[in-house]
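# Report on the structure
Residue-level listing of the chains:
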Amino acid sequence: MRLDYLSIFPGYFDVLGISLLGKAAVNGLVDVYAHDLRDWTHDRHRTVDDTPCGGGAGMVMKPDPWGEAFDEIIGTEPDPSVHVVFPSPSGEPFTQSVAHDLSSVERIVFCCGRYEGIDHRVIDYARSMWTVHEVSLGDYVLNGGEVAALAITEAVVRLVPGFMGNPQSLAEESFSAGQDGLLEYPLFTRPVSWRGLDVPEVLMSGHHGRIAKWRRDESIRLTRERRPDLTDSDVSARH
Ligand SMILES: Nc1cc(-c2ccc3ccn(Cc4ccc(CN5CCCC5)cc4)c3c2)n[nH]1
């Protein structure tokens, strides 16, 4: 999998050389390239922004640098196998399902906006050439797309076959199909007693049936408490 990042702060992506992602890059699972959008400007100030047409607060990212960067990084011919991701507060929700879809893609280009966003024609142009995903991480406002691109990267790459040491742990996660969309149960490890707090006895019983029931009951309880939106009517009836 090849990952490209276009940003005026490419240094954000130095972190991708660390930890698991670093290992994936080393064993050739993932190739990561960060690009400075200002490399495709031609004025002395390396200008990437301008005032919004129609007025309004803040600045908007000019389309020209993006177009020239696309030509060089991706190419000038349409190719639907290239997936271009624009993090945006007004994007579609980024979910585990989207992460899963992207994990089988050969190439992803992350376009990280700043200011108040990117001239919309950049996204329209990208849609005419490649497969575009305008995605939101959630209902809160970041200062740019870089942190979102890092989060999306981690969610996607960990699903790439051969990346995670223990694929079983992926199967049991929240938000993955296996758990009926329920939240994960609480986890414990040794010591059994810690600062007066003990591991639930059932988990030390060795009785796998009781353990499985305790975990499911906890998942249902937590989901009802914290995420009523995940417990649609028949799910709650079923549990
Ligand atoms: N899930 C999530 C994603 C983001 C995100 C992603 C990319 C960019 C690029 C620039 N910004 C800053 C930004 C953008 C829009 C407004 C809202 N303004 C209202 C009127 C015009 C615009 C404020 C501030 C990003 C934010 N934030 N949260």
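Cut-offs and rules
- Residues numbered from 1 in each chain as written.
- Predicted model: local features only at pLDDT ≥ 70, side-chain atom pairs only at ≥ 80, totals over all residues.
- Heavy atoms only, no water.
- Buried < 20%, exposed > 50% of the residue type's maximum accessible area, 1.4 Å probe, protein only.
- Helix = DSSP H or I, 4+ residues; strand = E, 2+ residues; numbered from the N terminus.
- Pairing = 2+ DSSP bridges.
- Contact = heavy atoms within 4.5 Å.
- UniProt positions renumbered as here; feature names shortened; annotations may be inferred.
- 1 Å grid on protein atoms, 1.4 Å probe; cavity = no way out; pocket = protein on both sides within 12 Å on 5 of 7 lines; lining within 4 Å.
- Near = heavy atom within 4 Å.
- Polar contact = N/O pair within 3.5 Å; in protein donor to acceptor, adjacent residues only side chain to side chain.
- Areas by Shrake-Rupley, 256 points an atom, 1.4 Å probe, with all protein chains shown as cover.
- Sits in = over half its atoms within 2 Å of the grid points.
- Domains from an automatic or database assignment.
- Salt bridge = Lys/Arg side-chain N within 4 Å of Asp/Glu carboxyl O.

## Considerations on the pairing of strand E7 (residues 131-136)
- With 5 of its 6 residues buried, E7 lies for the most part within the structure.
- When strand E5 (residues 82-93) meets E7, the two strands line up parallel, connected through 7 bridges. If you follow Val85 over to E7, its bridge partner there is His133.

## Topic: the side chain of Thr223
- Here Thr223 lies in helix H7 (residues 208-226).
- If sequence neighbours within four positions are ignored, Thr223 has contacts with Leu182, Leu183, Pro228, Leu230 and Thr231.

## With respect to the UniProt feature "binding site: S-adenosyl-L-methionine" (unreviewed entry) in the protein
- The feature "binding site: S-adenosyl-L-methionine" (unreviewed entry), as given by UniProt, occupies Gly113, Leu137, Gly138, Asp139, Tyr140, Val141 and Leu142 in the numbering adopted here. When only the residues just named are considered, the largest pocket is lined by Gly113, Leu137, Gly138, Tyr140, Val141 and Leu142.
- Structurally, Tyr140 can be placed in the loop between E7 and helix H5 (146-157).
- Its place among the elements puts Leu142 in the loop between E7 and H5.
- Judged by relative accessible area, Leu142 falls into the partly exposed class, the value being 35%.

## Notes on the site of the ligand
- In the region of the ligand, 16 residues are neighbours, and Glu116, Leu137, Gly138, Tyr140 and Leu142 sit closest.
- Between a nitrogen atom of the ligand and a main-chain N or O atom of Leu137, the distance comes to 3.0 Å.
- Contact distances for the ligand include 3.2 Å between a nitrogen atom and a backbone N or O atom of Gly138.
- For the ligand, whose unbound accessible area comes to 600 Å², protein coverage reaches 72%.
- Assessed atom by atom at 2 Å from the grid points, the ligand resides in the largest pocket.
- Among the elements that take part in the shell around the ligand, E5 stands out by supplying 3 residues, more than any other.

## Notes on the environment of Gln96
- With respect to the helices, strands and loops of the structure, Gln96 is situated in helix H3 (residues 96-102).
- Taking C-alpha positions, Gln96 is 7.5 Å from Ala155, a pair spaced 59 residues apart along the chain.

## As for the domain arrangement of the protein
- Splitting the protein by domain gives domain 1 (2-158) and domain 2 (167-230).
- The gap between the C-alpha centroids of domain 1 and domain 2 is 36 Å.

## What about the pattern of salt bridges?
- Counted according to the given criterion, the structure contains 11 salt bridges.
- A salt bridge links Glu146 to Arg114; its shortest N-O distance comes to 2.9 Å. Here Glu146 is found in helix H5, whereas its partner Arg114 is found in the loop between strand E6 (107-111) and helix H4 (120-129), with 32 residues between them in sequence. Comparing Glu146 with Arg114, the two get one shared label, buried.
- Asp229 serves as the salt-bridge partner of Arg227, at 2.8 Å between the closest nitrogen and oxygen.

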